[in-house]
2 protein chains.
Amino acid sequence: MYRTKTCGELRAADAEQTVTLAGWVHKNRRMGGMTFVDIRDRYGLTQLVFNRETHADLCDKANTLGREYVIRVTGRVKNRQNPNEYLPTGAIEVIVTELDLLNPADTPPFTIEDDTDGGEELRMKYRYLDLRRKVVRENLELRHRMTMEVRRYLDQQGFMEVETPMLISSTPEGARDFVVPSRMNPGQFYALPQSPQTFKQLLMVSGFDRYFQIVKCFRDEDLRADRQPEFTQIDCEMSFVEQDDVLNLFEGMSKHLFYTLRGMEITEPFPRITWHEAMKDYGSDKPDMRFGMKLVELTNLLRGQGFPVFDTATYIGGICAKGAAGYTRRQIDALTDFVKRPQIGAKGLVYARIEADGTVRSSIDKFLPQAVLQQMKETLAAQTGDLLLILSGENTTKTRKQLSELRLEMGNQLGLRNKDTFACLWITDFPLLEWNEQDQRYYAMHHPFTSPKPEDIYLLDTRPEEVRANAYDMVINGVEIGGGSIRIHDSALQNKMFRLLGFTQEQAQAQFGFLMNAFKYGAPPHGGLAYGLDRWASLFAGLDSIRDCIAFPKNNSGRDVMIDAPSAIEPSQLNELNLSVTHHAH
Amino acid sequence: MYRTKTCGELRAADAEQTVTLAGWVHKNRRMGGMTFVDIRDRYGLTQLVFNRETHADLCDKANTLGREYVIRVTGRVKNRQNPNEYLPTGAIEVIVTELDLLNPADTPPFTIEDDTDGGEELRMKYRYLDLRRKVVRENLELRHRMTMEVRRYLDQQGFMEVETPMLISSTPEGARDFVVPSRMNPGQFYALPQSPQTFKQLLMVSGFDRYFQIVKCFRDEDLRADRQPEFTQIDCEMSFVEQDDVLNLFEGMSKHLFYTLRGMEITEPFPRITWHEAMKDYGSDKPDMRFGMKLVELTNLLRGQGFPVFDTATYIGGICAKGAAGYTRRQIDALTDFVKRPQIGAKGLVYARIEADGTVRSSIDKFLPQAVLQQMKETLAAQTGDLLLILSGENTTKTRKQLSELRLEMGNQLGLRNKDTFACLWITDFPLLEWNEQDQRYYAMHHPFTSPKPEDIYLLDTRPEEVRANAYDMVINGVEIGGGSIRIHDSALQNKMFRLLGFTQEQAQAQFGFLMNAFKYGAPPHGGLAYGLDRWASLFAGLDSIRDCIAFPKNNSGRDVMIDAPSAIEPSQLNELNLSVTHHAH
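Residues numbered from 1 in each chain as written. Chains lettered and ligands numbered in written order. Predicted model: local features only at pLDDT ≥ 70, side-chain atom pairs only at ≥ 80, totals over all residues. Heavy atoms only, no water.

Counting residues at the interface gives 125 residues for chain B and 125 residues for chain A. Taken over both partners, the interface formed by chain B and chain A buries close to 11,000 Å², and the fraction arising from carbon and sulfur atoms is 58%. In terms of surface lost to chain A, no three residues of chain B exceed B:Glu163, B:Phe240 and B:Tyr521, which account for 8% of the buried area on that side. At the junction of chain B and chain A, the tally comes to 12 salt bridges. For the pair chain B and chain A, the number of links is 62 residue pairs in polar contact (both at pLDDT 80 or more). Per element, the largest residue contribution to the side of chain B that touches chain A is 10 residues, and it comes from helix H4 (residues 134-156) of chain B. Looking at the side of chain B that touches chain A residue by residue, the classes come out as 66 nonpolar, 28 polar and 31 charged. (Contact = heavy atoms within 4.5 Å. Buried area = accessible area lost by both parts, 1.4 Å probe. Salt bridge = Lys/Arg side-chain N within 4 Å of Asp/Glu carboxyl O. Polar contact = N/O pair within 3.5 Å; in protein donor to acceptor, adjacent residues only side chain to side chain. Helix = DSSP H or I, 4+ residues; strand = E, 2+ residues; numbered from the N terminus. Nonpolar A, V, L, I, M, F, W, Y, C, P; charged D, E, K, R; others polar.)

Here it is, written out as structure tokens:
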């Protein structure tokens, strides 16, 4: 037997027991005639004591143990004279009488501590050592708890988990597919799913009524900071539901997760705001609602006052940064530089301070009479000590987005974005379609199966861009955690959508024929949503990147640097697959 | 609102309530002035009544409803005059006052009944309709319950579910990998995992202690009847364990599953028999233990009696088919044909009947004196009315396997293989290595990381074929449900194994370098196993094929005939992947 107890469970009440522990040497230090070794496993740390007086040989052996050696010890539990309050096992130590070296270890390339000296690259190369660190392991424990609770909740609500296939066919619409050559069908390829969208809809046609799946999905995109080529979705679909049924059920699940994983009881309903409201008030379809600082339109007030930049603007808007009137010139210059960065693209920043006596001092005082400034102060509900920040531009949407970035930055600077505060909301009524200038066609804002709002269907022929969808996103702290829609279940309407999206009858049939055919055999009204598990888990864990809640993540080039994948394959494998490589990496 | 109740929940106690139901028209029939419609959803069937006298329009509309139309109805629940005892909702019917047609349906290509008129091919093409059938849906419900219970059990035992990556690198050892070309790394490929074997071992090096995952795996093999290119494993690994720890824990899980899914309480420990015993007694490493009929060796008894076939045999063995002495000549001829089929390959079959007076009448009476026959009867513990079946051959293993096939066939014929009876056991002590004549090298019987039994390690250099492994399989009803091993955690021993398997240092480093490197940093003793979820679920569901517990299975050519995958991809996709196809399917 390798152990009778784990390294995390011994307490004062266990004193005088004889125990066997196994684990890794975390620390090893000599003091006087004693050697103290901290032994570590997933469950905790326990202090081992080797006494030179009583066990000289054992003590010598203990002194040879390096960091991360794997050992087994037997000994007697003793209460410590000076308990360590910071350690769950801190009340006791184990006086060792037997020591087995199970496996030696090379010195690890970085320290196995919460605050390691290892850089990102080294940690990823030796990810198996990085995972030994408590802070990293705890993220994965949280993720495990989260999937357990998601399953428990959905199962109780009558959902069935159904595995959909991983080897499917490629659909050119949307992001790029990863493809898998078929050896048995030369020249043909499977594709890995970007989502189980069509399969879950088929399951609704099958009458499965309530489906979910926690499932790997794949997207061959140029990777941005927080994207992974493989990622995990909590994918759900329900039949005979309207939008409110879906939102209510998943709001319930979200509250369950907050309660079980973070100990937070959320009793209020999540705010539900329309996409148009969100864009107007926050300049974003994923507003961070941990703080207010809404965008306030000032176009009518400030245009025509003689300030040329405002007079030619289509949109002028401002935010009120509470208590920031004391910002120095230098801080304001930095904010100006921030909004002028190419990623944001504003031309400049106008600001105004609310003085102690209530007057407003603006950077463009000479153009704006105090009366106008007072009206602005009132419109922005500003008070003494506040700083007003104003942007303008020719494109309303773009200017609002710039103001949104500025709002988030001010939220950061003013400490309004605490990681332990969570603000959840639903965004509803997304536009059904987006016009793409470059391709001169409409794209589905969510996907081609999203249902328009019944009351907007009449607009499909004349003003498609105005049609609102029965689509919704769940947003937490400015992060889109999930989203979905009520689907089209009528094949005539689905065909109309495909036409609007520029599919010929043949293309639609080739790509979605099996779904359209399925709809002919009695499709129920249905809808659902999908959550990004990686993102949600990171948010719960308070991480900046999704990587640290993924056991073996890939880097920004889509590589796993630990196993060195992808890599070249044998010519014989290529041959069998009837493939040749036309260009190699250098 | 689409419904206030499901189609499966109304009972006598609900009488006089007004309810709204939604679902599919299962049956529609007129009787006198009434129209009866059975409405169906996942939860059941409810009888709807349309009364011509009171609602002539509704009745007319109901008469136009075809099979599988999707409808919503509102009406009042009434107790039936003649309750249908076979239907959970059979006590009531709903007198409809409102009817909405939600979606019409084409006539399905086969009937949506347990006993459908649709053939396999049609059912697979329209799998979304096939899944509407209760018998098919119930298999997937069972599978869902099974994964829920596996997770619940393992979570309670301290296991963490960790997702390992799907895009990994190719390892030529073993079965063929499916590969995935990388667009961002031209000429390089990911591979889809055949199992998370190396990753779960790395998680043990990381100190995760108890890992599991229910995970898709991939194998590009020429498909046999019951193989799928993608399949699902319950994959588990534990640290600081010996073989018994693993067997005990997973025996516990198995019993939990039998109890929760099949209502069977198994109190006895599972038999544990060694591979050598299994081969000797059953001629198989996955014996069906629902019945006895052990193989009994008769070589010493029957050789040298003058029957030339026996006299030249290396092995002679028999089985005793209880109560089968009444088999006709024709039945025995059929058995002879059975064992002579090329898949089995025996040269002939000798039989003997135990007569009412205790004498033995054999097909080769003239060679065998009654005394020998009586000894044979005793050796086989045969009694009056039994039939003895005897095979012989030059290769002991082959002959035992032939006898094993005959034994299973007799089990079928004598009704000893009831699908509702379950016989579980562990096979232990597998040989570590198998010699491959063709390649003139050893192959690992399980995989290269399997640990030899410590007491056999000294044989590795001299008689490697005799080395037993700490490897085990769990077998139920003659099906290998899962298997695993204690792993090598010592890098010197692992290197020795690689050498025995014919890997050069470079090959081993190239393929398993990251695992071998990881082992240098302190690997704990560890072991685990993996279950085939598809097979186990099929067994619980009493299915002959794994296909019907997979929502969207592939056929024997690895094709999904519903979505028509795999398929050709756009030349632009190939271009982006730096690939060209050298040979196309015709």
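What follows concerns the pairing of strand S22 (residues 526-532) of chain A. One face of the sheet, then the other: side chains in a regular strand alternate in exactly this way. All names here are of chain A. Most of S22 sits inside the fold, with six of its seven residues counted as buried. As judged from the seven bridges shared by strand S10 (residues 230-239) and S22, these two strands associate in the antiparallel manner. By the bridge assignment, Ile234 is partnered in S22 with Tyr531. Two elements, strand S21 (residues 479-486) and S22, share five bridges in a ladder whose sense is antiparallel. Paired with Gly482 across the bridge in S22 is Tyr531. (Buried < 20%, exposed > 50% of the residue type's maximum accessible area, 1.4 Å probe, protein only. Pairing = 2+ DSSP bridges.)

Residue and element names in this part refer to chain A. On the secondary structure map, Ile488 appears in the loop between S21 and helix H13 (491-500). Ile488 sits in the buried class, given a relative accessible area of 1%. Here the alpha-carbon distance between Ile488 and Gly527, two residues 39 residues apart in the chain, equals 8.6 Å. Apart from residues no more than four positions distant in its own chain, Ile488 is found in contact with Gln201, Pro448, Phe449, Thr450, Ser451, Pro452, Leu493, Gln494, Met497, Phe519 and His526.

Two pairing modes exist for strands in a sheet, parallel and antiparallel, and in both the strands are linked by backbone hydrogen bonds. All names here are of chain A. Across the sheet, eight strands lie side by side as S6-S9-S10-S22-S21-S20-S17-S11; this open sheet has mixed pairing. The sheet terminates laterally at strand S6 (160-161) and strand S11 (272-274), the two strands that pair on one side only. Pairing geometry for strand S17 (residues 424-428) and strand S20 (residues 471-476), over five bridges, is antiparallel. Paired with Ile427 across the strands is Asp473, a residue of S20. Contacting strand S9 (210-218), S10, S11, S17, S20, S21 and S22, helix H6 (residues 243-262) crosses the sheet at an angle of about 30° to S22. (Axes fitted to C-alpha atoms, helices over the stretch in contact; angles between N-to-C directions.)

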